[in-house]
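Structural features, examined
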Amino acid sequence: MTALMDDPSQALPDTDTRALFETALTMAAAAKRGNVTAWAEAKCARHDPDALAFLNSVLLGVLIENDAVRRGVHPADVWAQLRAGGLDEFG
């Protein structure tokens, strides 16, 4: 695993990583519930939008790879499966 995946805060732009993490979790929970209003409110909080987008991407990558390892599948295979299956096969 790369240093980025081991410690995502090392690669983030200079910002409050904990606040970004809380915002990312709020956005994810709202999106999972289909609550677009709560998702948009969290997204529009006072954060660097690039830092928030980057952290969301890091978190998604960690979740995908951790799930692969938990299931005994090589992470590279899961990335390929996700790309091949598309959105309909996700989650």
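1. Some details on the pattern of salt bridges
All told, the structure shown has three salt bridges when counted by the stated rule. The partner of arginine 70 in a salt bridge is aspartate 67, with the nearest N and O atoms 2.4 Å apart. Highlighted residues: arginine 70 and aspartate 67, both in helix α4 (residues 49-70), separated by three residues, approximately one helical turn. A residue is classified by how much of its surface remains accessible, and aspartate 67, at 27% relative accessible area, is partly exposed. In this structure, the salt-bridge partner of arginine 71 is aspartate 67, at a minimum N-O distance of 2.9 Å.

2. What about the packing of helix α2 (residues 17-33) against α4?
Between α2 and α4, the least distance of the axes is 10 Å, while the angle of their chain directions is 65°. Looking at the two axes, α2 sits roughly perpendicular to α4. Crossing hand, α2 versus α4: right-handed. Contacts between α2 and α4 involve Thr17, Leu20, Phe21, Thr23, Ala24 and Met27 from the former and Ala51, Leu52, Leu55, Asn56 and Leu59 from the latter. Considered class by class, the residues forming the contact of α2 with α4 number eight nonpolar, three polar and no charged.

3. Description of the nonpolar core
With seven residues, the main nonpolar core is built from Leu20, Ala24, Met27, Ala42, Ala51, Leu52 and Leu55. At the level of secondary structure, the elements contributing two or more residues to this core comprise α2 and α4. Other than its neighbours up to four places away in sequence, leucine 52 contacts Leu20, Thr23, Ala24, Met27 and Lys43.

4. Some details on the side chain of threonine 23
Assignment of secondary structure puts threonine 23 in helix α2. Of note is the side chain of threonine 23, whose polar atom sits 3.0 Å from the backbone oxygen of alanine 19. Of the polar contacts made by the side chain of threonine 23, one reaches the side chain of histidine 47; its length is 2.8 Å.

What counts and what doesn't
Residues numbered from 1 in each chain as written. Predicted model: local features only at pLDDT ≥ 70, side-chain atom pairs only at ≥ 80, totals over all residues. Heavy atoms only, no water. Salt bridge = Lys/Arg side-chain N within 4 Å of Asp/Glu carboxyl O. Helix = DSSP H or I, 4+ residues; strand = E, 2+ residues; numbered from the N terminus. Buried < 20%, exposed > 50% of the residue type's maximum accessible area, 1.4 Å probe, protein only. Axes fitted to C-alpha atoms, helices over the stretch in contact; angles between N-to-C directions. Parallel < 35°, antiparallel > 145°, perpendicular 65-115°, else oblique. Left-handed = near helix turned anticlockwise from the far one by under 90°. Contact = heavy atoms within 4.5 Å. Nonpolar A, V, L, I, M, F, W, Y, C, P; charged D, E, K, R; others polar. Core = buried A, V, L, I, M, F, W, Y, C linked by side-chain atoms within 4.5 Å. Polar contact = N/O pair within 3.5 Å; in protein donor to acceptor, adjacent residues only side chain to side chain.

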